[in-house]
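Overview (structure and organization)
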Amino acid sequence: MERLKLLVVDDEQPMREGVMRALRKFTVSLPYAEDDYGFDLSEAGTGEEALEMIEKAPPDLLLLDYKLPGIKGLDVLDSIT
């Protein structure tokens, strides 16, 4: 099974915990892919924290809250694209 790095960014801890719990053992099978995919999860509570984490180890996937304290979700996207 292949593993994808997924970063969950949300300022609400319960929301991050729920997403992490749901995806921890979740796998995806795609008809055009030979392998199934699982997730190596990490989390950030602010846009600034997310940018630091992305700079150090870019994730394959990003689940990003739109409304964050400080730097907003769209600003995070602008910074990494």
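Everything discussed here concerns the structure shown above.
I will try to describe carefully the structure that is included in this document. It should be emphasised that the depicted structure is a prediction, and the values quoted were computed from it without experimental measurement. (Residues numbered from 1 in each chain as written. Predicted model: local features only at pLDDT ≥ 70, side-chain atom pairs only at ≥ 80, totals over all residues. Heavy atoms only, no water.)

Quick look at the pattern of salt bridges now. Tallied over the full model, the rule gives two salt bridges. Linking Arg-16 and Glu-43 is a salt bridge whose minimum nitrogen-to-oxygen distance equals 2.8 Å. With a gap of 27 residues between them, Arg-16 in helix H1 (residues 13-23) and Glu-43 in strand S3 (residues 36-44) connect regions that are remote in the sequence. In this structure Arg-16 comes out as buried when scored by relative accessible area, which is 9%. (Salt bridge = Lys/Arg side-chain N within 4 Å of Asp/Glu carboxyl O. Helix = DSSP H or I, 4+ residues; strand = E, 2+ residues; numbered from the N terminus. Buried < 20%, exposed > 50% of the residue type's maximum accessible area, 1.4 Å probe, protein only.)

Let us now look at the packing of helix H2 (residues 47-56) against helix H3 (residues 73-80). Contact geometry of H2 with H3 gives a least axis separation of 10 Å together with a crossing angle of 20°. The angle between the axes of H2 and H3 places the two elements in the roughly parallel class. Relative to H3, the crossing made by H2 is right-handed. Along the contact surface, H2 presents Gly-47, Leu-51 and Ile-54, while H3 presents Val-76, Ser-79 and Ile-80. (Axes fitted to C-alpha atoms, helices over the stretch in contact; angles between N-to-C directions. Parallel < 35°, antiparallel > 145°, perpendicular 65-115°, else oblique. Left-handed = near helix turned anticlockwise from the far one by under 90°. Contact = heavy atoms within 4.5 Å.)

Spatial strand order, S2-S3-S1-S4: four strands in an open sheet with mixed pairing. What marks the edges here is a single partner per strand, and that holds for strand S2 (28-29) and strand S4 (61-64). Bridge count for S2 against S3 is two bridges, and the pairing is antiparallel. What sits directly across from Val-28, in S3, is Tyr-37. In the packing of H2 onto the sheet, the strands contacted are strand S1 (2-9), S3 and S4, and the crossing angle to S3 comes to about 130°. (Pairing = 2+ DSSP bridges.)

The topology assignment puts Asp-10 in the loop between S1 and H1. The contacts of Asp-10, once residues within four sequence positions are left out, are Met-15, Arg-16, Ala-44, Gly-45, Asp-65 and Leu-68.

On to H2. Restricting attention to buried positions, one finds in H2 the residues Gly-47, Ala-50 and Ile-54. Summarising the axial view, the buried residues of H2 lie within an arc of 55°, below the 170-degree limit, and thus occupy one face. Of the residues in H2, the exposed ones pointing more than 90 degrees away from the buried face are Glu-55 and Lys-56. In the core, the buried residues of H2 are packed alongside S1, S3, S4 and H3. (Arc of directions from axis to C-beta.)

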